[in-house]
Amino acid sequence: MLDPELQTLVEITLRTLWVCGSALLLALLGGVPIGILLGSSQFISRGLLVSSVNAGMGAPPVVVGLIGSILLARSGPLGSWNLLYTPYAMIITSTAIALPLVIGLTLAAVGSLDDEWELQVRTLGIPRHWRIWLLIREIRMGLLAAVIAALGGILSEVGAVNMVGGNIAGETRVLTTAIMMHTSMGEYEIAMSQATVLFGNLLLLAGLLTWLQQSGRKR
Amino acid sequence: MIEDTQPPSIALSAHNLHVRRGRGKDAFSLGVDHLDLHAGEVLVILGPNGAGKSTLLRALAGLERSVAKDLIRGGDGPVTLVFQRPAALSGSAEMNVRAALLGKGIPEEVKRQRVTRALDRFDIQALASHDARTLSGGELRRLALARAFVLEPEVLLLDEPFDDLDAEGQRILSLDLQQAIEDTNVAVAMVTHDLRRALLLADRIAVLAPGRLAQHGLRDEVLLRPNTRDTARTVGMTNLASGRVCRQAGGVSWIQIEPGFEVPTTAALNPEQEAWIGIRPEHLKLDVGRGDGESIGKAVVESLISDGLATVATLRVHDRRFTTHLLSGRGLARRLRPGDPVSLAVRPDQVHALPA
């Protein structure tokens, strides 16, 4: 049998990885296509959308948490979904925090390509889905930067997930909310061990992604 | 490149092509009523900066949002455009050429053969495994041409294919390009500002004036019979002057440009008619008594500029300047000095003239 403290640590670490991984996946699935669309198209409201994305990249997470709480509260517009104080609410909020980062960095990666890149590929008669594949391949370094930024944003964020998750033991407690709670209770030893695990995870993932990015640059 | 008398088949025919872009002061429009590209022929598009040469290429490639456009295709082969600044996809040179065949349902073995042939055609087989983003400007141009030819296009549109290349690079690339065009019977439209290169490759010439097609026809027809003075300048007919028909005899009209400077032409003109004349530099001769045409008057050598092969002599006749080309290091080019008096001669059939 595992030590109960260690068991708790493993449990909240796995929950942290699940919440963060799900949010990251959703942010990438939504953000990359939107970033590519915004980066490669010209339409009337494009400027407004790009400004919104830029604002979103710098939005305080606690404000995102507040909006999430209002929307998901029992009396809110999405109250009937009964998601407040569940891991799903934390995933939604984390996704909302990461999405502008992914869109913004994808947009920047597409923007860094030659102005005529898309036209040049189009004139080769390559079908649209293959052109998108080539584009993603071309901007993969920028996309890795987006993944690193989004992951960092999600993993290090505490205010918003605390507001919509409630830091309920065995339910919605993740490493960041647990660290905050133990610190406020003066249990620095436990907080430090959790912080070490959190930082270790961040370091491992960021290191892996950076390695991928750098090895891709050499190719 | 045209070896038989059969008219070449039309690969692409553009009718009522009108492109409009921008608003207000930045507005640009281009209108071309009719332009044909023939299989196995090179159409060179000439024109001043901003005339719409690249826009025309893009419209022919279907990349411009034209207000009106009627493109009739001779076959169903690919139409592709090689841009002035070709983009390299990340990856090897071979991958760049191979990428053009993506999603076309071509069997792997055929793909491999076509890629090898395209790389060989432009002599970049040795660079196949090199990162395309590290290639030099000249190598990248060859890669872009290989990427276009691997498609086995029916119509190939080239935007300044010799830009940024040194003289030797231009020479070799134009030979490879010429060979590739002959081998594949592709119809080519090429924009270039390099008149000498254009003259080497062109079967037909289209001259754009800002926003419109000024003239379009067989190479020599446009070079020797430009329809306006601006077109004449664009195709290198730099000796232009105005005058009046002062005498006519035996189908030749003599146009007086200055007192004592009369130019003969076989162009159909009326007595006393005001006309402008155009003489290509290579057709204006220094009269050394060899019977190289009719003597037309005296001039003074103003300057002599040589690039090692040809010497461009600028000659002054009163306040007018004419130019002629001499072979560097030989004969007159070696003996002449600025300030020397010379006599000029032309053949009447090499003097283009139109009513003013």
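Described below are features of the structure shown in this document. It should be emphasised that the depicted structure is a prediction, and the values quoted were computed from it without experimental measurement.

## Examining the nonpolar core
- Core analysis: the largest hydrophobic core is formed by 94 residues, its most contacted members being L134 of chain A together with L177 of chain B.
- Looking at which element gives the most residues to this core, the answer is helix α1 (residues 4-40) of chain A, with 9 residues.
- Once you skip the residues sitting within four places of it in the chain, L177 of chain B turns out to touch F122, L145, F149, L158, F162 and L201 of chain B.
- By size, the runner-up hydrophobic cluster in this structure holds 31 residues, among which are L30, V32, A51 and A59 of chain B.

## Some remarks on the packing of helix α2 (residues 46-57) of chain A against helix α4 (residues 87-111) of chain A
Residues and elements named next belong to chain A.
- Between α2 and α4, whose axes approach to 8 Å, the crossing angle comes to 125°. One way to sum up the angle between α2 and α4 is to call them oblique. Relative to α4, the crossing made by α2 is left-handed. Between α2 and α4, the contacting residues are R46, V50, V53, G56 and M57 on the first element and P100, L101, I103, G104, L105 and L107 on the second.
- A breakdown of the residues in the contact of α2 with α4 according to their chemical character gives 8 nonpolar, 2 polar and 1 charged.

## Examining the side chain of E258 of chain B
Residue and element names in this part refer to chain B.
- If you trace the backbone, E258 turns up in strand β11 (residues 252-258).
- The class for E258 is buried, based on a relative accessible area of 17%.
- Sequence-distant contacts of E258, that is, excluding residues within four places in its chain, are made with V317, H318 and R320.

## Let's talk about the pattern of salt bridges
Residue and element names in this part refer to chain B.
- Considering all chains together, one arrives at 27 salt bridges over all chains under this definition.
- The residue E152 makes a salt bridge to R117 at a minimum N-O spacing of 3.0 Å. Highlighted residues: E152 in the loop between α4 (137-149) and β6 (155-159) and R117 in helix α3 (residues 108-121), separated in sequence by 35 residues.
- R142 is paired through a salt bridge with D176; the nearest N and O atoms lie 2.9 Å apart. Linking R142 in helix α4 with D176 in helix α5 (residues 167-184), this pair joins segments that are 34 residues apart in sequence.
- With a relative accessible area of 13%, R142 lands in the buried category.
- Salt bridges linked by common partners bring R98, E108, E109 and R112 together as one network.

## Some details on the interface of chain B and chain A
- Across the boundary between the two partners, chain B contributes 24 residues, which contact 19 residues of chain A.
- When chain B packs against chain A, close to 1800 Å² is buried across both sides, 53% of that on carbon and sulfur atoms.
- At the junction of chain B with chain A, the criterion picks out 2 salt bridges.
- Where chain B packs against chain A, one counts 10 residue pairs in polar contact (both at pLDDT 80 or more).
- Looking at the side of chain B that touches chain A, the elements with two or more residues in it are β5 (79-82) and α2 (93-99) of chain B.
- Ranked by residue count, the leading element in the side of chain B that touches chain A is β5 of chain B, at 3 residues.
- Of the residues that constitute the side of chain B that touches chain A, the class distribution is 14 nonpolar, 4 polar and 6 charged.

About the criteria used
- Residues numbered from 1 in each chain as written.
- Chains lettered and ligands numbered in written order.
- Predicted model: local features only at pLDDT ≥ 70, side-chain atom pairs only at ≥ 80, totals over all residues.
- Heavy atoms only, no water.
- Core = buried A, V, L, I, M, F, W, Y, C linked by side-chain atoms within 4.5 Å.
- Buried < 20%, exposed > 50% of the residue type's maximum accessible area, 1.4 Å probe, protein only.
- Helix = DSSP H or I, 4+ residues; strand = E, 2+ residues; numbered from the N terminus.
- Contact = heavy atoms within 4.5 Å.
- Axes fitted to C-alpha atoms, helices over the stretch in contact; angles between N-to-C directions.
- Parallel < 35°, antiparallel > 145°, perpendicular 65-115°, else oblique.
- Left-handed = near helix turned anticlockwise from the far one by under 90°.
- Nonpolar A, V, L, I, M, F, W, Y, C, P; charged D, E, K, R; others polar.
- Salt bridge = Lys/Arg side-chain N within 4 Å of Asp/Glu carboxyl O.
- Buried area = accessible area lost by both parts, 1.4 Å probe.
- Polar contact = N/O pair within 3.5 Å; in protein donor to acceptor, adjacent residues only side chain to side chain.

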